[in-house]
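Structural features, examined
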Amino acid sequence: MRSIWKGSIAFGLVNVPIKVYAATETHDVSLHQVHDEDKGRIRYKRVCEFGHEVEYADIQRAYDDGDKTVVLTADDFKQLPEEQSHEIEVLEFVPVEQVDPMMFEKSYYLEPDSRSPKAYVLLRETLAKTDRLAIVQFTLRQKTRLGVLRVNDDVILLQGLLWGDEVRAADFTALDASVKVSATELKMSSSLVDSMSTDFDPDRYTDEYQAELQQLIDAKLEAGDDIDTEKTFGERAEDDDEGEGGDVIDLMAALRASVDKKRSRSSSGSSSRPGGTGSRSSSGSRSSSGSAKDDDEQPAAKKPAAAKASSSSSSTTKKTPAKKTPAKKAPAKKPAAKKQAS
């Protein structure tokens, strides 16, 4: 697997350097479009309404409210503080049953990225022992996101969450009607459930459509019903994300300082509950270890790679991120234009 980016989990004053990996992948057969007449690959050009083909570097994003349009430049996006965050910040811990599975989005594996995984193991064991989820806030692909940390086997899993206002209410008038279910009907239905009950095994289920599609493709290849399309594909170099992790931190000192700080805030009445509107707590003694490294979905514009300075003795040493190898461009008979990222 190739890491998406690197960063750290901010757990009080404890800093846990991590690498982030996509935990899921699609098995759908990848298809593209070709011209029926000459089998040439269909490409897309960036063309403005006035008929001009536009280079990617000359494209800006804009917001249309129906009457007016506001153009946002790369410099405008650089002013957003969350865009520069490389931390997964723990906001609070909640009981597992209080988070509705409807809110779950994509999952990511978190791998320890330090010479000592002790801080990672400490957080993992704490989550498992307390049977709670850590509500976190993080930035991925220039968007502030809400998520949870939970344990999956021996790995900490980061799972994205929908924001509260993104879950639609189920308002169906048909459910307001009074329906009577007899005891006999309920008993028969329960008996059917009992007869079909078993333990869940995901390997028992297969996507028949994709399997048959692959068989169809293989049959056409064996029959020689194919064309040479090597020049229509490009190559993308793998990132060299190997390297040494951060320094070992004094966990006991950091934990003790975190607890003392929390108690001090509680006793003085100055503590504030973290909100879900994208705000971040300002802890000057926590540091971020490592640099975020976005994957190939990032636009070509430069992103400021920033890390928070630390004044705490328990901070980890920042690590220079591995340089990204530029992607090789495959030769093409026709000029190829990439699809604009939305």
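The shown structure was predicted, so the numbers you read here are calculated from the model rather than taken from an experiment. (Residues numbered from 1 in each chain as written. Predicted model: local features only at pLDDT ≥ 70, side-chain atom pairs only at ≥ 80, totals over all residues. Heavy atoms only, no water.)

What about the overall build of the chain?
Our working rule: A run of DSSP states H or I qualifies as a helix once it reaches four residues; a run of E qualifies as a strand once it reaches two. Both are numbered from the N-terminal end. The rule is simple: take the accessible area with a 1.4 Å probe, protein chains only, and divide by the maximum for that residue type; under 20% is buried, over 50% is exposed, in between is partly exposed. By definition in these notes, contact holds between two residues if any of their heavy atoms fall within 4.5 Å. Per-residue accessibility takes into account occlusion by the displayed protein chains alone, with areas from the Shrake-Rupley method and a 1.4 Å probe.
What the chain contains, in helices and strands, is 5 helices and 9 strands. Ordered by position in the sequence, the α and β elements of the chain form the string β-β-β-β-α-β-β-α-β-β-β-α-α-α. In the chain, buried positions account for 27% of the 342 residues. Within the chain, contacts between residues separated by at least 24 positions form 74% of all contacts whose residues are at least 6 apart in sequence. Working note: accessible area of the chain is about 24300 Å², and carbon and sulfur atoms make up 51% of it.

Notes on helix H2 (residues 118–130)
Each full turn of the α-helix corresponds to 3.6 residues, which orients residues three or four apart in the same direction. Operational definition: The span one expects for a helix is its residue count, reduced by one, times 1.5 Å.
The terminal C-alpha atoms of H2, which comprises 13 residues, lie 18 Å apart, in line with the 18 Å expected from a rise of 1.5 Å per residue. Asp 131 occupies a position one or two residues after H2 and carries a positive phi of about 55 degrees.

Considerations on a nonpolar patch on the surface
Threshold: Only residues above 30% relative accessible area that lack a salt bridge enter a patch, with like-charged residues linked at up to 9 Å and the nonpolar side chains Val, Leu, Ile, Met, Phe, Trp and Tyr linked at up to 5 Å. For this document, the term salt bridge refers to a Lys or Arg side-chain nitrogen within 4 Å of an Asp or Glu carboxyl oxygen.
Together, Tyr 63, Val 70 and Leu 72 make up an exposed nonpolar region whose accessible area comes to about 280 Å². Tracing the chain through its elements places Val 70 in strand E4 (residues 69–72). Val 70 gets classed as partly exposed once you look at its relative accessible area, which sits at 45%.

So, the sheet that holds strand E2 (residues 14–22)
Short version of the rule: Paired strands, in this sense, are two strands between which DSSP finds at least two bridges. Angles shown run from 0 to 180 degrees and are taken between the N-to-C directions of axes, each axis being a line fitted to C-alpha atoms and, for helices, limited to the stretch in contact.
Reading around the barrel, the 7 strands line up as E1-E2-E6-E9-E8-E7-E5 and close back on themselves, with mixed pairing between neighbours. Pairwise comparison of adjacent strand axes, ignoring direction, gives a mean angle of 40 degrees for this sheet. One ladder, built from 6 bridges, connects strand E5 (residues 87–95) with strand E7 (residues 132–140); its direction is antiparallel. Residue Glu 92 lies in a different strand from E7, and its bridge partner there is Ile 135. Strands in contact with H2 are strand E1 (5–11), E2, E5, strand E6 (104–112), E7, strand E8 (143–152) and strand E9 (155–161); relative to E8, the strand with the most contacts, it is inclined by about 75 degrees.

A word on the pairing of E1
E1 sits mainly inside the fold: 7 of its 7 residues count as buried. Examined bridge by bridge, E1 and E2 share 7 bridges and lie antiparallel to one another. Looking across to E2, one finds that Ile 9 is bridged to Val 16. If you look at the hairpin formed by E1 and E2, you'll find 2 residues sitting between the two strands, and Gly 12 has a positive phi there, around 65 degrees. Of the strand pairs in this sheet, E1 and E5 are connected by 3 bridges, and their pairing is parallel.

A closer look at the packing of aromatic side chains
Where we set the bar: Under the pairing criterion, centres of Phe, Tyr and Trp rings, with the six-membered ring standing for Trp, must be within 6.5 Å; the plane angle then separates stacked pairs below 30 degrees from edge-to-face pairs above 60, leaving the rest tilted. Each ring is checked for a lysine NZ or an arginine CZ that lies within 6 Å of its centre and within 35 degrees of its normal; such an atom marks a charge sitting over the ring.
For the structure on display, the rule yields 2 aromatic pairs. Taken together, a centroid distance of 6.1 Å and an interplanar angle of 20 degrees make the contact between Phe 200 and Tyr 205 stacked. Both residues of the pair, Phe 200 and Tyr 205, count as exposed. The ring of Phe 77 has Arg 61 sitting right over it, with the charged end atom 4.2 Å from the ring centre.

Describing unusual backbone geometry
Negative phi values dominate among residues other than glycine, just as trans dominates among peptide bonds. Here Asp 131, not a glycine, exhibits a phi torsion of approximately 55 degrees, which is positive. Tracing the sequence through the fold places Asp 131 in the loop between H2 and E7. Phi at Asp 153 takes a positive value of approximately 60 degrees, unusual for a residue other than glycine. Looking at where Asp 153 falls in the secondary structure, it is placed in the loop between E8 and E9.

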